[in-house]
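# Per-entry structural report
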Amino acid sequence: MPRQWWDHPVTIETAHLGRFVTINSTERAAEFLLNEWPGDVEAKAYIAAAQILINAHEGRATTDQAREAFITAAREAGIFVFKG
């Protein structure tokens, strides 16, 4: 399946003070969620975002839904988000 690019990238705070990363695809968001997430991985919005990212990858959700779920999870975790 081809990479699912987002029309509007999201810049998010990392676990390293003063470091940010720009997320521009469903796949990169999933990688960040699984490997770099600085918040609680048992939070309701985190779990929902993970499921929506999987659904988007499988064609059962849109990239916009994946992006919004990722943003919601970050905000719930208190992670700084800059929407481009």
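Here, every reference points to the structure presented above.
Residues numbered from 1 in each chain as written. Predicted model: local features only at pLDDT ≥ 70, side-chain atom pairs only at ≥ 80, totals over all residues. Heavy atoms only, no water.

It is worth spelling out the nonpolar core at this point. In terms of nonpolar packing, the biggest core is built from 24 residues, with Ile12, Ile23, Phe32, Leu33, Trp37 and Phe70 touching the most fellow members. The set of elements that each furnish at least two residues to this core consists of strand E1 (5-13), strand E2 (20-25), helix H1 (26-35), helix H2 (44-57) and helix H3 (63-76). Broken down by element, the residue count for this core peaks at 6 residues, all from H3. Residues contacting Phe70, with those up to four places away along its chain left out, are Trp6, Ile12, Ile23, Ala29, Phe32, Leu33, Trp37 and Ala49. (Core = buried A, V, L, I, M, F, W, Y, C linked by side-chain atoms within 4.5 Å. Buried < 20%, exposed > 50% of the residue type's maximum accessible area, 1.4 Å probe, protein only. Helix = DSSP H or I, 4+ residues; strand = E, 2+ residues; numbered from the N terminus. Contact = heavy atoms within 4.5 Å.)

What follows covers the environment of Ile12. Structurally, Ile12 is set in strand E1. Assessed through its relative accessible area of 0%, Ile12 is described here as buried. Residues Ile12 and Thr22, spaced 10 residues apart in sequence, show a C-alpha to C-alpha distance of 6.3 Å. Not counting chain neighbours up to four residues away, the residues in contact with Ile12 comprise Arg19, Phe20, Val21, Ile23, Phe32, Trp37, Phe70, Ala74, Ile79 and Phe80.

This paragraph deals with H2. Along an α-helix, residues three or four apart share an orientation, since each turn contains 3.6 residues. For H2, with 14 residues, the first-to-last C-alpha span of 20 Å sits near the 20 Å given by 1.5 Å per residue. Within H2, the full set of buried residues consists of Ala45, Tyr46, Ala49, Leu53, Asn55 and Ala56. Looking at the packing, one finds that the buried side of H2 touches H1 and H3. Directly beyond the C-terminal end of H2, a positive phi value near 85 degrees is found at Gly59. (Expected span 1.5 Å × (residues − 1).)

This part takes up the sheet that holds E2. The 3 strands are arranged E2-E1-E3 in an open sheet whose pairing can be described as antiparallel. The open sheet has two edge strands, E2 and strand E3 (81-83), and neither has a second partner. The sheet shows a mean angle of 25 degrees between the axes of neighbouring strands, taken without regard to direction. Note: E1 against E2, 5 bridges, orientation antiparallel. Residue pairing for E2: Val10 is matched across the bridge by Ile23. Contacting E1 and E2, H1 runs over the sheet at an angle of about 135 degrees to E2. (Pairing = 2+ DSSP bridges. Axes fitted to C-alpha atoms, helices over the stretch in contact; angles between N-to-C directions.)

By the element assignment, Ala29 lies in helix H1. Residue classification places Ala29 among the buried positions, given a relative accessible area of 0%. When the C-alpha positions of Ala29 and Ala49 are compared, they lie 9.4 Å apart, and in sequence the two are 20 residues distant. Apart from residues lying up to four places away in sequence, Ala29 is in contact with Trp6, Ile23, Leu53 and Phe70.

Just distances and angles here, no functional claims.
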